[in-house]
Protein chains: 2
Amino acid sequence: FQAPGFAEAPAARVEPAPQADGATDAPLGAARAQLHQNWIVAQTADGIVIVDQHAAHERLVYERLKAQRDANGIASQALLIPEIVELSEADAHRILAIADELAALGLVIEPFGGGAVAVREVPALLQRLNAAALIRDILDDLADQGASDRLRARVDAVLSSMACHGSVRSGRRMTADEMNALLREMERVPKSGQCNHGRPTWIELKLADIERLFGR
Amino acid sequence: FQAPGFAEAPAARVEPAPQADGATDAPLGAARAQLHQNWIVAQTADGIVIVDQHAAHERLVYERLKAQRDANGIASQALLIPEIVELSEADAHRILAIADELAALGLVIEPFGGGAVAVREVPALLQRLNAAALIRDILDDLADQGASDRLRARVDAVLSSMACHGSVRSGRRMTADEMNALLREMERVPKSGQCNHGRPTWIELKLADIERLFGR
C-alpha cells in the first residue's frame, strides 16, 4: 500500500489541468477543474463526471485500512512526541477500555493521569492526523453504537472515523496530478463509487443529458 | 462596437484558468474549464454555470449586428479578393434579387456571369467569414420563409445566419481570457440568455442542486 497522497497539505494553487484528451478514455475521465475546492470536474469520452473529493478519498482510505487490517494488520507509526488529549475522566476510562482494539488498528494510546490519554502511535496511512479530534469522534461512535454492538461493527466504525480524519478535506486545493491520481484509484477500487455513508462519490452527466438541460 | 474577439482562429491549447476566486462574484462566474471544446464551466459564488459557447456567442453577434443596423447601418469591409460563389442560375437570380437588402446588412454581392456571384464586401464584425456557406444558408432562409414574409423577418433571418457564421464554433478551444470575456459580455447583453432559436445559452447548477445529485 502506498501512502494516500491526498492527505492534508498546505493549500496550493491548482495546476493547469493537463490537456491530453486521450486520458478522457478512462471511465472517470481526465480532471479538468476543481470547483469550490471540493468538486472535481472531469471530461469523459461522452460526458462529464463530477467527483466529491472528500467523500471519494474517505472511501478509498477506508478500503485501504480494511484491506491492511485483513492482510497483516494496520501498520502504525510512532509519534516523535506523544500527543496528549484531555478528556473527562469517564471518557478517558471508556476509550482506554478499548485500547487493545485500537492498538490492533494502529492507534496506540496510554493513560496519562486524570482525564488525559497519551497517543503514542497512529496508523501509518493517516498522515497529519489530528489525534484529539479522532479520539473524540471514536468516543461519539462508541456512544452511538452502544455496548451491545458486535466488535466488528465497532471496529468498522473506528476505521470509518480514521478514514474521515485521514482523507483530503473539502476546501483543500488539489493539483491536476492529484485529481487524476484520485480518479485512477477510484477506477481500481470497486467500492469507491459510494462513500462510507452509502451516498455516491461521483455522478456522470452524459453530453446527451447536458444537451437536454439546454433544451436540445 | 468592438470586433467580436471570439471568431474562428487556429486551435490553441486552453490556457490555465485564472485562479482569482474573486471573479466568482460575477453572475456568470469565473471560467474554470472548457469541456468537449464546447461547454464552458464557470464557478459562481454558490454554484457552477455551464455555457454553450457557440449558442452564446452566436446570440451576442446577432445582438451586435441588430444594434449596429439600428444605429448607423452595418459596417462592411471590402475583401481584398472578391470571393466567387458558384450557384445554380435560379439561386443566383434569387440571391441577386435581394442584393440591396444584403448590402444594407454589409454583404455586397454582384453578378459574376452564369450562376456565379461575387462577394465584394462582408460585415466588418464577421471575421474569417465563409461567404459561400453564408450565401447558401441565406438561400435556405429565403426558401423557408417564402415570398410572403415581411421584410423585417427576412432581414432578421439573414442577420441570424450571419451571426451563426460569424460566431465561435463548437470544437474550437478557447483561452481562459476568451472564455471570461464571453461571460462578461453575456452579463452586459440582457438577451444573451437565449440563443437565436430560443434555447438557453447557459444553465446554472447551484451547490444545493449538486449536493442533491449526490444524495445529500
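Scroll up to find the structure.
Only a predicted model underlies this, so the values are computations on that prediction, with no experimental measurement involved.

A. A look at the relation of the copies chain B and chain A. Rotating chain B by 180° about the axis while translating it 0.0 Å along that axis superimposes it on chain A, leaving an RMSD of 0.1 Å. The two molecules are tied by a two-fold rotation axis, judged by turn and shift. Most of the interface of chain B is mirrored in chain A, where 100% of its interface residues are also at the interface.

B. The arrangement of the pairing of strand 1 (residues 30-35) of chain B in detail. Residue and element names in this part refer to chain B. Across the six residues that make up strand 1, a large majority, six, are buried. Taken together, the five bridges between strand 1 and strand 2 (residues 39-44) define a ladder with antiparallel strand orientation. Bridge pairing in strand 2 links Ala30 to Gln43. Where strand 1 folds back on strand 2, the antiparallel hairpin that results is connected by three residues, among which His36 adopts a positive phi of roughly 50°.

C. Seen up close, the interface of chain B and chain A. Opposite the 36 residues of chain B that make contact, chain A presents 36 residues. Carbon and sulfur atoms make up 64% of the surface buried where chain B meets chain A, a total of about 3,100 Å² over both sides. Applying the counting criterion to the chain B and chain A interface returns two salt bridges. A salt bridge links Asp52 of chain B to Arg216 of chain A; its shortest N-O distance comes to 2.4 Å. Summed over the shared surface of chain B and chain A, the result is ten residue pairs in polar contact (both at pLDDT 80 or more). Listed by contribution, the elements that provide at least two residues to the side of chain B that touches chain A are strand 1, strand 2, strand 3 (47-52), strand 7 (202-206) and helix 7 (207-213) of chain B. By residue class, the composition of the side of chain B that touches chain A is 18 nonpolar, nine polar and nine charged.

D. Structural detail: helix 6 (residues 176-188) of chain B. Taking 1.5 Å of rise per residue, 13 residues should cover 18 Å, and helix 6 of chain B covers 19 Å from first to last C-alpha, within 8% of that figure. Those residues of helix 6 of chain B that are buried are in contact with strand 1, strand 2, strand 3, helix 1 (53-72) and strand 7 of chain B.

E. Spotlight on the sheet that holds strand 2 of chain B. Residues and elements named next belong to chain B. Ordered in space as 1-2-3-7, the four strands form an open sheet in which the pairing is antiparallel. Of all the strands in the sheet, the pair left with one neighbour each is strand 1 and strand 7. Here the average twist between neighbouring strands, direction ignored, is 25°. Each of strand 1, strand 2 and strand 3 touches helix 1; the most contacted strand, strand 3, lies at about 70° to it. Lying over the sheet, helix 6 contacts strand 1, strand 2, strand 3 and strand 7, oriented at roughly 120° with respect to strand 1.

F. Inspection of the packing of helix 1 (residues 53-72) of chain A against helix 6 (residues 176-188) of chain A at higher detail. All names here are of chain A. Helix 6 packs onto helix 1 with a crossing angle of 50° between their chain directions and a minimal axis gap of 11 Å. Here helix 1 lies oblique to helix 6, going by the angle between them. Every pair of crossing elements has a handedness; the one defined by helix 1 and helix 6 is left-handed. Side by side, helix 1 and helix 6 meet where Gln53, Ala56, His57, Leu60 and Arg64 of the first sit next to Leu182, Glu185 and Met186 of the second. Classifying every residue of the contact of helix 1 with helix 6 gives four nonpolar, two polar and two charged.

Each value, and the rule that gives it
Residues numbered from 1 in each chain as written. Chains lettered and ligands numbered in written order. Predicted model: local features only at pLDDT ≥ 70, side-chain atom pairs only at ≥ 80, totals over all residues. Heavy atoms only, no water. Least-squares fit on C-alpha atoms with pLDDT ≥ 70 in both. Contact = heavy atoms within 4.5 Å. Buried < 20%, exposed > 50% of the residue type's maximum accessible area, 1.4 Å probe, protein only. Helix = DSSP H or I, 4+ residues; strand = E, 2+ residues; numbered from the N terminus. Pairing = 2+ DSSP bridges. Buried area = accessible area lost by both parts, 1.4 Å probe. Salt bridge = Lys/Arg side-chain N within 4 Å of Asp/Glu carboxyl O. Polar contact = N/O pair within 3.5 Å; in protein donor to acceptor, adjacent residues only side chain to side chain. Nonpolar A, V, L, I, M, F, W, Y, C, P; charged D, E, K, R; others polar. Expected span 1.5 Å × (residues − 1). Axes fitted to C-alpha atoms, helices over the stretch in contact; angles between N-to-C directions. Parallel < 35°, antiparallel > 145°, perpendicular 65-115°, else oblique. Left-handed = near helix turned anticlockwise from the far one by under 90°.

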